Amino acid sequence: MKTESVNDAIGEWAGAAAAADTAASQSDHVLPGAPLFSIMPRRGWVSLNLRELWAYRELLYFLTWRDIKVRYKQTVLGVAWAVLQPVVSMILFTLFFGRLAHMPSDGIPYPIFAYAGLLPWTFVSTAVSGAGDSLVGSAALVTKVYFPRLVIPCAAVCAAMMDFAIASVVLLAMMLWYGVAFHWRMLMLAPLTLAAALLAAAAGMWMSALNVKYRDVRYALPFLIQVWMFATPIIYPASIVPERWRWLLGVNPLSGIIEAFRGALFGRAIHWPDLSLAAAITLTALACSAHAFRRMEREFADIV
Amino acid sequence: MKPIITIRGLGKRYRIGERARYGNLRESITNSFSNAIGAVRSRGRNGHGAVEQNHIWALKDVDLDVMPGEVLGVIGRNGAGKSTLLKILSRITEPTAGRVDLYGRVGSLLEVGTGFHPELTGRENIYLSAAILGMKRLEIERRFDEIVAFAEVEKFIDTPVKHYSSGMYTRLAFAVAAHLDPEILLVDEVLAVGDAAFQKKCLGKMSQVAQGGRTVLFVSHNMPSINRLCRRCVLLEDGRVKADADAQSVTAQYMISDTGTMAHRQWPHGQRPGDDVARLLAVTVTQRGRVSDTVDIRFPVEIEMGYEVLKHDAKLLSALSFFDSQGVHLFVSGDLNDPQWSQPRPRGMYSSVCSIPGNLFSEGVVRVAAEVATREPVYQIHLLVYDSVAFQVVDVGESGSVRGRWGRPIPGAMRPLCHWRTANLTQLKAETLHKNASSGVS
């Protein structure tokens with residue numbers, strides 16, 4: 001409820017402000033020659049404005065940190081959820097695909113084979129679904145304060161990285177258990193994780209922008225993510241896909257990334273043409289997605 | 001001197017109902033289909049007609065120059081474009097036409113507690129909110145202790161803010177905002193929440209920071225505060241600048257042009273004020289069972305507000321504020337003493353009726369602001385409509401009112417019928433002496 005006493009407060013401020021007013025007109029306050037920025041309708045091609053995004057990197061950090069902090073608040077299991085999801089999936093897939101269906105796994109024990117695929121996959125799916133809901137979930141921010149909106153879905157992707165790091169500990173334990181030899185190729189895991197993050201960011205920011213306008217995305221997204229999972233060699237090796245359909249996997253950049261992830265992990269040869277194609281598609285998707293986001297961005301505050 | 005803000009031909013067009021709903025794919029597909037048909041049909045005729053019909057200009061052809069150090073008031077009815085103007089200046093939304101050049105950093109206070117998260121502690125929220133409002137990390141660290149001391153929450157700084165009282169919450173949110181230091185500050189009446197003592201402190205701080213040349217755009221419905229705060233004031237009407245002159249004359253003009261009364265107001269679907277928790281449907285003034293914009297000073301007046309609750313189990317508060325024609329806030333009344341006040345309300349249509357006793361208002365125009373807010377866990381306004389309805393209070397000069405047979409004007413913002421007892425002390429003293437004397441004899 002509003003109170004009349006506000007006026008008194010504002011009145012006091014007024015006094016001081018009026019004093020500042022006169023002070024200002026006396027002192028020669030220097031304005032920049034050119035405007036700091038100009039506001040006008042944008043049409044057609046919109047620049048990404050990466051410089052501004054860089055200026056707001058601290059906000060990206062704080063929003064990521066908030067997402068991580070808040071994610072497992074008031075849950076009994078806490079961060080164990082980050083581990084539980086890929087581990088339970090691994091157990092289920094091991095039972096049904098490994099034991100019952102005798103799915104081949106390129107000579108790697110099926111549990112660790114599956115987990116090595118599920119780990120980056122869980123990261124990508126968590127990041128994409130988190131980013132997809134992020135803008136709508138931040139409606140209060142979007143309508144009240146300005147900052148580059150791209151920060152919001154990006155923060156969701158960065159926050160998913162935390163789960164990835166936690167779940168990686170399980171992978172490490174399994175590698176010791178199964179006696180997987182450590183190898184210099186494992187250095188590739190870092191750039192591969194980055195590639196997965198960029199791909200997730202590309203999909204996530206596009207979904208988040210679409211979600212603002214079409215809430216259908218909220219319902220379609222979990223389904224699409226499920227389809228994506230089966231279209232990616234996670235619980236099966238790419239080698240079981242018949243040669244003439246292999247190009248279909250190539251179109252999906254995530255399959256190149258995950259195959260390379262496994263290759264690096266188990267010291268197998270990395271299929272560079274596939275990986276290069278995946279990287280190229282990822283970067284192209286990221287650029288297109290960011291531009292699409294910037295174009296849709298101008299409507300966000302009005303329709304979110 | 002060169003202006004710090006120049007606005008030229010600024011316009012913002014909304015599709016009708018755009019704010020109220022979001023699209024879904026099917027609708028969008030059918031729309032583009034019917035638009036295509038419509039375009040074919042209207043080809044011979046005026047092609048723009050259809051577009052103009054479905055759109056409203058929230059802001060149109062606005063030209064303004066604001067000088068450095070100037071404190072500019074912006075007034076106007078609900079929907080006149082005040083908030084749209086601030087949103088464009090703070091780059092939250094993009095204009096449809098025109099151009100704004102800003103020669104300084106802009107900070108906007110369109111809401112208190114922007115970016116606060118209930119699960120995070122006070123400390124964490126300071127960092128988060130300050131970063132969202134545009135402060136750099138080093139700047140926050142440097143000012144952290146200052147902010148905490150200012151908010152008076154030292155003891156609870158590591159407690160999640162969801163356990164804060166609403167007063168503490170507001171204080172902390174204010175404290176962060178008060179330590180912002182941009183060259184241009186946009187303020188949208190947010191200062192009207194929180195307890196008064198703290199607000200004074202907060203505003204004192206802001207003025208202290210505003211040393212030499214901070215420019216302020218201040219949107220308010222409160223004419224006295226506009227008059228006190230601003231030298232210059234802009235009156236917006238239907239998205240256009242109606243007046244731009246010294247504050248006194250503009251507020252006077254607004255008041256004179258705005259004494260029209262309206263006993264019943266209903267909002268069409270798609271334009272109902274509110275958010276996804278509550279939306280206002282209608283406000284009605286009745287006296288003795290009749291809808292009327294002229295009420296007898298002696299009898300109770302009932303204000304009914306109809307609203308829709310869209311979120312399940314919200315703990316809501318409905319309130320009405322009353323203003324006189326000068327914009328003085330007479331009082332506010334909320335359903336705080338309703339026996340069900342703390343009960344979460346299920347979704348649905350609601351009607352809250354506030355009965356105001358007779359012999360309370362003064363004669364003249366009373367303007368009513370309707371509000372629905374969440375009371376717990378954090379006070380949050382869902383809708384606040386100034387000048388929702390207005391009515392004229394008349395004293396017909398019959399018995400039963402304060403006036404009695406008095407024919408001259410009675411000053412004062414309120415006119416309660418108070419009880420008076422008058423005694424002639426001289427006579428009383430004489431009688432007492434007489435009584436004592438006579439009893440002393442026997």
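In this text the structure is predicted, and so the values were computed from the model without any measurement.

Calculation rules
Residues numbered from 1 in each chain as written. Chains lettered and ligands numbered in written order. Predicted model: local features only at pLDDT ≥ 70, side-chain atom pairs only at ≥ 80, totals over all residues. Heavy atoms only, no water. Helix = DSSP H or I, 4+ residues; strand = E, 2+ residues; numbered from the N terminus. Buried < 20%, exposed > 50% of the residue type's maximum accessible area, 1.4 Å probe, protein only. Contact = heavy atoms within 4.5 Å. Areas by Shrake-Rupley, 256 points an atom, 1.4 Å probe, with all protein chains shown as cover. Expected span 1.5 Å × (residues − 1). Pairing = 2+ DSSP bridges. Axes fitted to C-alpha atoms, helices over the stretch in contact; angles between N-to-C directions. Salt bridge = Lys/Arg side-chain N within 4 Å of Asp/Glu carboxyl O. Core = buried A, V, L, I, M, F, W, Y, C linked by side-chain atoms within 4.5 Å. Disulfide = S-S within 2.5 Å. Phe/Tyr/Trp six-rings, centres within 6.5 Å; stacked < 30°, edge-to-face > 60°. 1 Å grid on protein atoms, 1.4 Å probe; cavity = no way out; pocket = protein on both sides within 12 Å on 5 of 7 lines; lining within 4 Å. Points joined across faces, edges and corners; volume = space filled by probe spheres on them. Nonpolar A, V, L, I, M, F, W, Y, C, P; charged D, E, K, R; others polar.

Undergrad: Can you tell me about the overall build of chain A, naming the residues and giving the values?
TA: When you go through chain A residue by residue, the secondary structure sums to twelve helices and one strand. Of the regular secondary structure in chain A, the N- to C-terminal order runs α-β-α-α-α-α-α-α-α-α-α-α-α. Sorting the 304 residues of chain A into buried and exposed places 50% on the buried side. Within chain A, counting contacts between residues at least 6 apart in sequence, those at least 24 apart form 82% of the total. Accessible area for chain A stands at about 14300 Å²; split by element, carbon and sulfur atoms hold 69% of it.

Undergrad: Which residues make up the overall build of chain B, and what are the values?
TA: Across its full length, chain B carries ten helices and 19 strands. Counting the 442 residues in chain B, one finds 50% classified as buried. Here the analysis covers contacts within chain B between residues at least 6 apart in sequence; of these, 72% occur between residues at least 24 apart. Carbon and sulfur atoms form 52% of the exposed surface of chain B, whose accessible area is close to 21200 Å².

Undergrad: Give me the lowdown on helix H8 (residues 189-213) of chain A, citing residues and values where you can.
TA: Under the 1.5 Å per step criterion, the end-to-end length of H8(A) is 36 Å for 25 residues, consistent within 8% with the ideal 36 Å. In terms of residue burial, H8(A) counts as a mostly covered element, since 18 of its 25 residues are buried.

Undergrad: I'd like a description of the side chain of Lys12(B), backed by residues and values.
TA: Looking at the secondary structure, you find Lys12(B) in strand E1 (residues 5-15). Judged by its relative accessible area of 3%, Lys12(B) is buried. The contacts of Lys12(B), once residues within four sequence positions are left out, are Asp302(A), Ile56(B), Trp57(B), Ala58(B), Leu59(B), Thr84(B), Ile88(B), Thr93(B), Glu94(B), Pro95(B) and Thr96(B).

Undergrad: Can you lay out the sheet that holds strand E5 (residues 106-109) of chain B for me, pointing to particular residues and giving the numbers?
TA: Residue and element names in this part refer to chain B. The strand order across the open sheet formed by six strands is E5-E6-E7-E3-E8-E9, and the pairing between neighbours is mixed. Single-partner strands in this sheet number two, and they are E5 and strand E9 (240-246). With strand direction ignored, the average angle separating the axes of adjacent strands in the sheet is 15°. Looking at chain direction, strand E6 (residues 184-188) and strand E7 (residues 215-219) are connected through five bridges and run parallel. Bridge pairing in E7 places Leu186 opposite Leu217. Here helix H3 (residues 82-89) sits on the sheet and contacts strand E3 (71-75), E5, E6, E7 and strand E8 (232-237); the angle it forms with E6, its principal contact strand, is near 150°.

Undergrad: Describe in detail the pattern of salt bridges, supporting the description with residues and values.
TA: Pairing between side chains becomes possible if they bear opposite charge and their charged atoms approach one another. Residue and element names in this part refer to chain B. Throughout the structure, instances matching the rule amount to 24 salt bridges over all chains. Across the pair Arg240 and Asp61 runs a salt bridge whose closest N-O atoms are separated by 3.5 Å. One end of the pair, Arg240, is in strand E9; the other, Asp61, is in strand E2 (residues 55-66), and 179 residues separate them in sequence. Among the ionic pairs, Glu119 bridges to Lys162, the shortest N-O distance being 3.2 Å. Taken together, the residues Glu119 in the loop between E5 and helix H4 (122-132) and Lys162 in the loop between helix H5 (137-151) and helix H6 (166-178) connect sequence positions 43 residues apart. Take Glu119: its relative accessible area is 16%, and that puts it in the buried class. Here the salt bridges do not stand alone but share partners, grouping Glu70, Arg232 and Asp244 into one network.

Undergrad: Quick rundown of the sheet that holds E2(B)? Include the residues and the values.
TA: Strand pairs in the sheet, formed through backbone hydrogen bonds, run parallel or antiparallel to each other. Across the sheet, four strands lie side by side as E1(A)-E4(B)-E1(B)-E2(B); this open sheet has antiparallel pairing. For this open sheet the edge positions go to strand E1 (37-39) of chain A together with E2 of chain B, each flanked by a neighbour on one side alone. Across the sheet, the mean angle from the axis of one strand to that of its neighbour is 25°, orientation sign disregarded. Looking at chain direction, E1(B) and E2(B) are connected through eight bridges and run antiparallel. Bridge pairing links Arg15(B) to His55(B) in E2(B). This element, H3(B), spans E1 of chain A together with E1, E2 and strand E4 (97-102) of chain B of the sheet and lies at about 115° to E1(B).

Undergrad: Kindly report on the environment of Gly400(B), identifying the contributing residues and their values.
TA: Residue and element names in this part refer to chain B. You can see Gly400 is positioned in the loop between strand E19 (380-394) and helix H10 (425-441). Spatially, the C-alpha atoms of Gly400 and Gly358 are 9.7 Å apart, while their sequence positions differ by 42 residues. Residues contacting Gly400, with those up to four places away along its chain left out, are Arg298, Asn359 and Leu417.

Undergrad: So what's going on with unusual backbone geometry? Which residues, and what values?
TA: All names here are of chain B. The phi dihedral of Asn359 is positive, around 55°, even though this residue is not glycine. Along the chain, Asn359 falls in the loop between strand E17 (348-356) and strand E18 (364-374). Its identity is not glycine, yet Asp387 carries a phi of approximately 50°, on the positive side. Position of Asp387 among the secondary structure elements: in strand E19. With relative accessibility at 10%, the residue Asp387 sits in the buried group.

Undergrad: How would you summarise the nonpolar core if you had to cite specific residues and measurements?
TA: By size, the foremost hydrophobic cluster in this structure holds 119 residues, and its most contacted members are Trp121(A) and Ile126(B). Take this core: its biggest share by element is 16 residues, from helix H5 (residues 110-137) of chain A. The contact partners of Ile126(B), leaving out residues within four places of it in the chain, are Ile140(B), Phe144(B), Ile147(B), Val148(B), Ile157(B), Leu172(B) and Val176(B). One finds Trp267(B), Tyr307(B), Val309(B) and Cys354(B) within the second-largest nonpolar core, a separate group that totals 32 residues.

Undergrad: Before we move on, can you summarise the environment of Ile147(B) with the specific residues and values?
TA: Residues and elements named next belong to chain B. Within the secondary structure, Ile147 sits in helix H5. On the basis of relative accessible area, Ile147 is assigned to the buried category, the value being 0%. The sequence separation of Ile147 and Ala178 amounts to 31 residues, and the corresponding C-alpha distance is 8.4 Å.

Undergrad: Just give me the short version of the state of the cysteines, but keep the residues and values in it.
TA: Counted under the stated rule, the structure contains zero disulfides over all chains. Distance from the sulfur of Cys154(A), which forms no disulfide, to the nearest cysteine sulfur (Cys158(A)) is 6.7 Å.

Undergrad: An account of the packing of aromatic side chains is requested, with residue identities and associated values reported.
TA: If you walk through the whole model with that rule in mind, you get 16 aromatic pairs over all chains. On the numbers, 5.9 Å between centres and 25° between planes, the contact of Phe62(A) with Tyr127(B) is stacked. One end of the pair, Phe62(A), is in helix H3 (residues 57-71); the other, Tyr127(B), is in helix H4, on a second chain. Assigned by exposure class, Phe62(A) and Tyr127(B) land together as buried. On the basis of an interplanar angle of 55° and a centroid distance of 5.6 Å, the ring pair of Phe93(A) and Phe97(A) is categorised as tilted. One end of the pair is Phe93(A) and the other is Phe97(A), both in helix H4 (residues 80-100) and four residues apart, which spans about a single turn.

Undergrad: Could you give me a rundown of the layout of surface pockets, with the residues and numbers involved?
TA: Where empty space is left in the structure can be found by rolling a water-sized probe over the atoms. Put simply, the second largest pocket is a space of about 1300 Å³. Contributing to the lining of the second largest pocket are 42 residues, with Phe37(A), Glu52(A), Tyr56(A), Tyr146(A) and Arg91(B) lying nearest its centre. Of the residues contributing to the lining of the second largest pocket, the split by class is 20 nonpolar, eight polar and 14 charged.

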